[in-house]
Amino acid sequence: MPGADNRIRGLLRPGPLQVRGQILSQLNWEEVNIFSWQLLYNPLARTPKPFAGISFFAASACKIVSVKIVTRFAPSPTGALHVGAARTAIFNWLFSASLGGDFLLRIEDTDRARSEEKFERQIIESLKWLGLEWQGEIVRQSERLDTYGRLAERLIDEDKAYRCYVTTEELGRRREEAKEKGEVFRYRREWSQLGAAPGKPYAVRLSVPPGEKISVEDLVRGGIVFNSSEIEDFVILKADGFPTYNFAAAVDDAQMDISHVIRGDDHIINAPRQILIAEALGFSKPKLAHVPMILGADGKKLSKRHGAESVTEYRLRGYLPEAVLNYLVRLGWSFGDQEIFTAQELIEKFSLKGIGKSPSVFDPQKFLWLNGKYLRDLPEESISEKIVPLITQKGLPRPSSERLCKVVAQMRERSETLNAIVDQSLYFFTDDFEYDEKAAEKFLVERNGEIFTLLAEELSNVEDFSHDNIHGGFERVMQRTGLGLGKIAQPARVALTGSTKSPGIFDVVEILGRDTVALRLARAIDFISSRIA
RNA sequence: GGCCCCAUCGUCUAGGGGUUUAGGACGCAGCCCUCUCAAGGCUGAAACACGGGUUCGAAUCCCGUUGGGGCUACCA
């Protein structure tokens, strides 16, 4: 979008800056200039104090000058959506959403050997689950082969590209040789006729003029300059007629009117190649922002090819989409000291300025904590809803929603994931549970048999089976035995839940209900006598 | 090897020449609460990679060193 800055500058003048009828600031000339510059989304420009809410300002100003922001997420369907890719999707989505632009989805399925439709479905499912909505139709590169072929032909006609007949085996050999000699092998045009023969399959390579400076204006890291001599005549169209990544990406970004590309650092090396392609074609070039990568605990790139974890996997483990979104966006991006953001807040507060330059290590512990935090904030009903399928999956009957809500109210404070809630509360949904071995050994002992008998008796006398009345029942057992609550509650806990860990004992008793409690106390008494015998 | 990127507590990060005895969060430790486990509250330990500059003054700017990472495909 050439000239956008001038258009903005033309429309922004010193004086009151009004947005939605509100005077937000009095601009002087210096501010107008800084502001105009910032509207080009250069996060390196410092935000002057009055412009704390830059993305809000920028969004408004974008509307004024109708600069269309278009971002895209362009995964290759060669695996599930892994967290690193998900994060770049989130950044792109937020960037366009914060500026009132469009966010598009493009499937880069040009690797015929590795692309699979099921992965595409899985990626789409994950994006929807995260709440990342895209605009318009999904673009599939495999459906645009004609376009790439035509454009490659055009470049050949214009002598900006040429056919290469050398086989990959031959190239591999040459690279080996060069390496052994400590040299760097770069394919150059003079080899283009090697092995040429009519009808023989060929790839198309771009002629890269050596000795030229290619500068990349990166919105996160600033200017990076490459020397074209370091770039070989790379392939743009493979022998099978499919485009290479760089060619397809450069062509599509231009034809889809992508204004900003936010992607992983590992693509920084591709930037000069895509610029070369766009220039050869006379196409527009999107603004680039390379975000640092996500590393594993070992400091190595977190990648799906290294078996990294996918969004799907986290969903299956009982993570909430809000938490995944929040955790991933905070990995490499920050807004002061704030840790928790709603999606709406992110849209308001996101800007490229907050993206750091150094790679981030994925921390499963903090992720888990954040998920727990979200779990505690969610209404009980909506957690219950999400949990029902997890319960029925275990072959248990669907519990009443009243009981489920009570269980959730108790368990969400002690669990970090949906799955953990279910796993730790099975005794609420089935009588078929084992006593924890150590717990039974310590608490299901002879002297406690009497306590259980008394407790059963007192609880059977409780009329309204509610928390406070149950408490009263326990009090009476305490009086009759002269024991403290701990001496009674803990054995009872084991009898009722099989474990030494549970919500408060009165809550457990209330939720289980009169009959179940009686049953389980009797079972514990039986267990004790069978043990003694 | 070549090219490129990066460098604040173990981890995510704030900070962008003086406001800093470097702030917050996870994790860790202790205390409080307490029928267990959690949750919650409070307290604590914990970092500017190193060396040179520039400057009255450097975590902050510059250079170098070291360390880490990425790319180096007819993968994306």
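Criteria and cut-off values
- Residues numbered from 1 in each chain as written.
- Chains lettered and ligands numbered in written order.
- Predicted model: local features only at pLDDT ≥ 70, side-chain atom pairs only at ≥ 80, totals over all residues.
- Heavy atoms only, no water.
- Salt bridge = Lys/Arg side-chain N within 4 Å of Asp/Glu carboxyl O.
- Buried < 20%, exposed > 50% of the residue type's maximum accessible area, 1.4 Å probe, protein only.
- Pairing = 2+ DSSP bridges.
- Helix = DSSP H or I, 4+ residues; strand = E, 2+ residues; numbered from the N terminus.
- Contact = heavy atoms within 4.5 Å.
- Axes fitted to C-alpha atoms, helices over the stretch in contact; angles between N-to-C directions.
- Expected span 1.5 Å × (residues − 1).
- Parallel < 35°, antiparallel > 145°, perpendicular 65-115°, else oblique.
- Left-handed = near helix turned anticlockwise from the far one by under 90°.
- Nonpolar A, V, L, I, M, F, W, Y, C, P; charged D, E, K, R; others polar.
- Near = heavy atom within 4 Å.
- Polar contact = N/O pair within 3.5 Å; in protein donor to acceptor, adjacent residues only side chain to side chain.
- Lys, Arg positive; Asp, Glu negative; His and termini not counted.

Peer 1: Break down the pattern of salt bridges for me, citing the residues and quoting the values.
Peer 2: Pairs can form between side chains of opposite charge whenever their charged atoms are close. For the structure shown, the criterion picks out 37 salt bridges. The residue glutamate 108 makes a salt bridge to arginine 106 at a minimum N-O spacing of 2.9 Å. This pair shows no difference in class: glutamate 108 is buried, exactly as arginine 106 is. Through salt bridges with shared partners, one network takes in Arg72, Arg106, Glu108, Arg144, Asp252 and Asp253.

Peer 1: So what's going on with the sheet that holds strand E5 (residues 139-140)? Residues and values would help.
Peer 2: Taking strand neighbours across the sheet as the criterion, the 3 strands line up as E3-E4-E5 in an open arrangement whose pairing is parallel. Only two strands of the sheet have a single neighbouring strand rather than two, namely strand E3 (70-73) and E5. Across 2 bridges, strand E4 (residues 102-107) lies against E5 in parallel orientation. Each bridged residue has a counterpart across the sheet, and for isoleucine 107 the counterpart in E5 is arginine 140. Each of E3, E4 and E5 is contacted by helix H5 (residues 117-130), which is oriented at about 160° to E4, the strand it contacts most.

Peer 1: Report on the sheet that holds strand E7 (residues 203-206), specifying residues and quantitative values.
Peer 2: Strand pairing in a sheet is mediated by backbone hydrogen bonds. Such pairs are either parallel or antiparallel. Across the sheet, which stays open at both edges, the 3 strands sit in the order E6-E7-E10 with antiparallel pairing between neighbours. Edge strands, defined here as strands with exactly one partner in the open sheet, are strand E6 (161-164) and strand E10 (235-237). The average undirected angle you get between the axes of adjacent strands in this sheet is 45°. Note that E6 and E7 share 4 bridges and pair antiparallel. Bridge assignment links tyrosine 162 to a residue of E7, and that residue is arginine 205.

Peer 1: Explain helix H4 (residues 83-98) to me, using residue names and the numbers behind them.
Peer 2: The end-to-end C-alpha distance of H4 is 22 Å, a good match for the 22 Å that 16 residues give at a rise of 1.5 Å each. With respect to burial, H4 is a largely interior element, 15 of its 16 residues being buried. Glycine 100, located one to two residues past H4, shows a positive phi value of around 70°.

Peer 1: Summarise the packing of helix H8 (residues 245-255) against helix H9 (residues 270-281); cite the residues concerned and give the values.
Peer 2: Close contact between H8 and H9 brings their axes to 9 Å; oriented N to C, the two are set at 55°. Classed by the angle they form, the pair H8 and H9 counts as oblique. In this structure, H8 meets H9 at a crossing whose hand is right-handed. Taken together, the residues of H9 that come into contact with H8 (itself represented by Tyr245, Asn246, Phe247, Ala249, Ala250 and Val251) are Asn270, Arg273, Gln274, Ile277 and Leu281. In the contact of H8 with H9, the residues fall into 7 nonpolar, 3 polar and 1 charged.

Peer 1: Tell me about the packing of helix H19 (residues 467-481) against helix H21 (residues 505-512), and name the residues and values.
Peer 2: A pair of packed helices can be characterised by two numbers: the angle between their axes and the separation between those axes. Contact geometry of H19 with H21 gives a least axis separation of 9 Å together with a crossing angle of 115°. Note on packing geometry: the crossing formed by H19 with H21 is right-handed. For the pair H19 and H21, contact is made by His467, Ile470, His471 and Phe474 and by Ile505, Phe506, Asp507, Val509 and Glu510, respectively. Here the residues of the contact of H19 with H21 sort into 5 nonpolar, 2 polar and 2 charged.

Peer 1: Go over the protein's contact with RNA strand B, please, and point to the residues and values.
Peer 2: Taken together, 64 residues form the shell around RNA strand B, and within it Lys238, Gly332, Glu413, Arg493 and Ser502 come nearest. Taking the atoms of RNA strand B that fall within 4 Å of the protein, sugar and phosphate contribute 69% of them. Residue aspartate 111 places a side-chain N or O atom 2.5 Å away from a sugar or linking oxygen belonging to RNA strand B. For the surface near RNA strand B, the secondary structure elements donating two or more residues are helix H7 (168-180), E7, strand E9 (222-227), strand E14 (360-361), helix H13 (364-377), helix H20 (485-497) and H21. For the surface near RNA strand B, the class distribution of residues is 20 nonpolar, 18 polar and 26 charged.

Peer 1: With reference to specific residues and values, describe the side chain of arginine 263.
Peer 2: Its location among the elements puts arginine 263 in strand E11 (residues 260-264). There is no salt bridge for the buried arginine 263, and the closest opposite charge comes from aspartate 253, which lies 5.2 Å off by N-O distance. A polar contact is formed between the side chain of arginine 263 and the side chain of histidine 290, at a distance of 3.0 Å. Contacts of arginine 263, omitting those with residues within four sequence positions, involve Arg72, Thr88, Tyr245, Ala271, Gln274, Leu288, Ala289, His290 and Val291.

Peer 1: Before we move on, can you summarise the pairing of strand E8 (residues 213-218) with the specific residues and values?
Peer 2: Along a regular strand, successive side chains alternate from one face of the sheet to the other. The two faces of E8 differ: Ile214, Val216 and Asp218 on one face are buried, but Lys213, Ser215 and Glu217 on the other face are not. Bridge count between E8 and E9: 6 bridges; the pairing is antiparallel. For glutamate 217, the partnering residue across the bridge sits in E9 and is glycine 223.

Peer 1: Let's hear about the environment of glutamate 108: which residues, and what values?
Peer 2: On the secondary structure map, glutamate 108 appears in the loop between E4 and H5. Note: C-alpha distance between glutamate 108 and threonine 392 (284 residues apart in sequence) is 38 Å. If near-sequence neighbours (up to four positions away) are discounted, glutamate 108 is found in contact with Ala74, Pro75, Ser76, Pro77, Gln141, Tyr245 and Ala249. There is a polar contact of 3.3 Å between the side chain of glutamate 108 and the side chain of glutamine 141.

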